[in-house]
Amino acid sequence: MSPGPVDVHAHAVPSALIADLAAGRMRFPHVEVRRHGGSHIVAFNGGPPTRPLAAGLTDPGLRGAWLAEQGIARQVVGGWLDIFGYELAADEGADWAAALTGALAELAAADSRMIPLGTVPLQDPARSAAALAELGQQRSPGVMIATRAGGRELDDPAFTPFWEAADAAGAVVYLHPGFTAAARYADFGLVNGLARLEDSTVTLARLLYAGVPARYPGMKLVAAHGGAALPYVLGRLVRNHLIAPDATADPVESFSHLYFDSVVFDPAVLEFLVAKAGPGHVMLGSDYPFPIGDLTPRAVVERAALDDGDRGQILIGNAARLFGPADPSPAAGAP
């Protein structure tokens, strides 16, 4: 495959895994999959079901056609946060994460345009660390995780084994919002329009004040959705640090270790992000296949007032550094 633009933010649900669960060929005691119209829904521990699985999550033909239409050579694919199963007990959660990671790896093996991100049982930091250390067997450069799990914030010292494992492996850790929004977000579509961004911003601010990215420079921490509001409020976080320097780590030091996708929609906002984070820390992203995603992702990069070198880094170069160069062999599954 010749080098080309890399979409570093996308999601997939392995249809074979869902079919096996729905038919009873594979069983987890506290994972329920059932038909819902022409799709499926999933429930954990008897809790409320997920939204129906969108066709774009499960249909490789739709994904392949979209990649070709958008002129994207490779796509980094994580799971769908709704089915990460953080509600499960530790043992079952570890088994579920391993099954999901393995199924995503099989999807990527069938289409070499895909770069899989694994899933870990984040509700159990020790098991998450062990799962992350085994990712090399799945040819995965890292994991996608939510902003909290097991009733803990990610800056909690309990997560130290996970961050240490990510640092030692030089792994990508893709931070993505995943939560139940408060009732005040129920109107106007604010769950997608705002609540997910607030969720990421708070988690990122806590990680910066705890000094986590600076303490573990071997890992590559990528923030979804352009880092949400973090780049815009960094100055305020710095001011707060200067007021109470003994209570917080320097947020600028940790901010310098972060990477960001381009899912901001507005060329002026992308220009600000590139100026704030540096052109070597921003990468093309879509959030495929969701309607709130940027489903023409190259447009915002091409419309932004950037020089050709910076644009090339965002479209191709930075992703090649984090996720590996393109495979020179023809892509399986490519049209």
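That block above? That's the structure.
What you are looking at is a predicted structure, and each value in this text was computed from that prediction instead of being measured. (Residues numbered from 1 in each chain as written. Predicted model: local features only at pLDDT ≥ 70, side-chain atom pairs only at ≥ 80, totals over all residues. Heavy atoms only, no water.)

Chemist: Run through helix α9 (residues 230–243), naming residues and quoting values.
Modeler: In this model, α9 (14 residues) spans 19 Å end to end at C-alpha, consistent with the 20 Å of a helix rising 1.5 Å per residue. For α9, the principal kink sits at Arg236 and spans about 30°. Among the residues making up α9, those that are buried are Leu230, Pro231, Leu234, Leu237 and His241. Against α7 (190–210), α10 (251–255), β11 (258–261) and α11 (267–277) lie the buried residues of α9. (Helix = DSSP H or I, 4+ residues; strand = E, 2+ residues; numbered from the N terminus. Expected span 1.5 Å × (residues − 1). Bend = angle between axes of the 7 residues up to and from the residue. Buried < 20%, exposed > 50% of the residue type's maximum accessible area, 1.4 Å probe, protein only. Contact = heavy atoms within 4.5 Å.)

Chemist: Can you explain α7? Please cite residues and give values.
Modeler: Across its 21 residues, α7 extends 29 Å between first and last C-alpha, which sits within 8% of the 30 Å expected from 1.5 Å per residue. Listing the buried residues of α7 in full gives Ala195, Arg196, Asp199, Ser200, Thr201, Thr203, Leu204, Ala205, Leu207, Leu208 and Tyr209. Gly211 sits one or two residues past α7 and shows a positive phi near 75°.

Chemist: Now, about the environment of Gln138: what can you tell me, with residues and values included?
Modeler: Position of Gln138 relative to the elements: it lies in the loop between α5 (125–133) and β6 (142–145). Residue Gln138 is classed as partly exposed on the basis of its relative accessible area of 30%. Other than its neighbours up to four places away in sequence, Gln138 contacts Thr101, Gly102, Ala105 and Pro116.

Chemist: Residues and numbers for the packing of aromatic side chains, please.
Modeler: Counted by the stated rule, this structure contains 7 aromatic pairs. On the numbers, 5.9 Å between centres and 65° between planes, the contact of Phe84 with Tyr86 is edge-to-face. Accessibility expressed as a relative area gives 2% for Phe84, which makes it buried. Accessibility expressed as a relative area gives 14% for Tyr86, which makes it buried. Relative to Phe260, the ring of Phe255 has its centre 5.4 Å away and its plane inclined at 40°; by these criteria the two rings are tilted. (Phe/Tyr/Trp six-rings, centres within 6.5 Å; stacked < 30°, edge-to-face > 60°.)

Chemist: Report on the sheet that holds strand β5 (residues 114–116), specifying residues and quantitative values.
Modeler: Pairing within the open sheet is parallel, and its 3 strands lie in the order β1-β4-β5. Of all the strands in the sheet, the pair left with one neighbour each is β1 (6–11) and β5. Each strand of the sheet is rotated relative to its neighbour by a mean of 30°, with strand direction disregarded. Along the sheet, helix α13 (residues 308–323) contacts β1, β4 (74–78) and β5; its crossing angle with β1, the most-contacted strand, is approximately 65°. (Pairing = 2+ DSSP bridges. Axes fitted to C-alpha atoms, helices over the stretch in contact; angles between N-to-C directions.)

Chemist: Explain the sheet that holds β11 residue by residue, including any values.
Modeler: Here we have 5 strands laid out as an open sheet, ordered β6-β9-β10-β11-β12, and parallel in their pairing. At either end of the open sheet lies a strand with only one pairing partner, and these are β6 and β12 (282–283). Pairing analysis gives 3 bridges linking strand β10 (residues 220–223) to β11, with the strands arranged parallel. Within β11, the position partnered with Leu221 by the bridge is Leu258.

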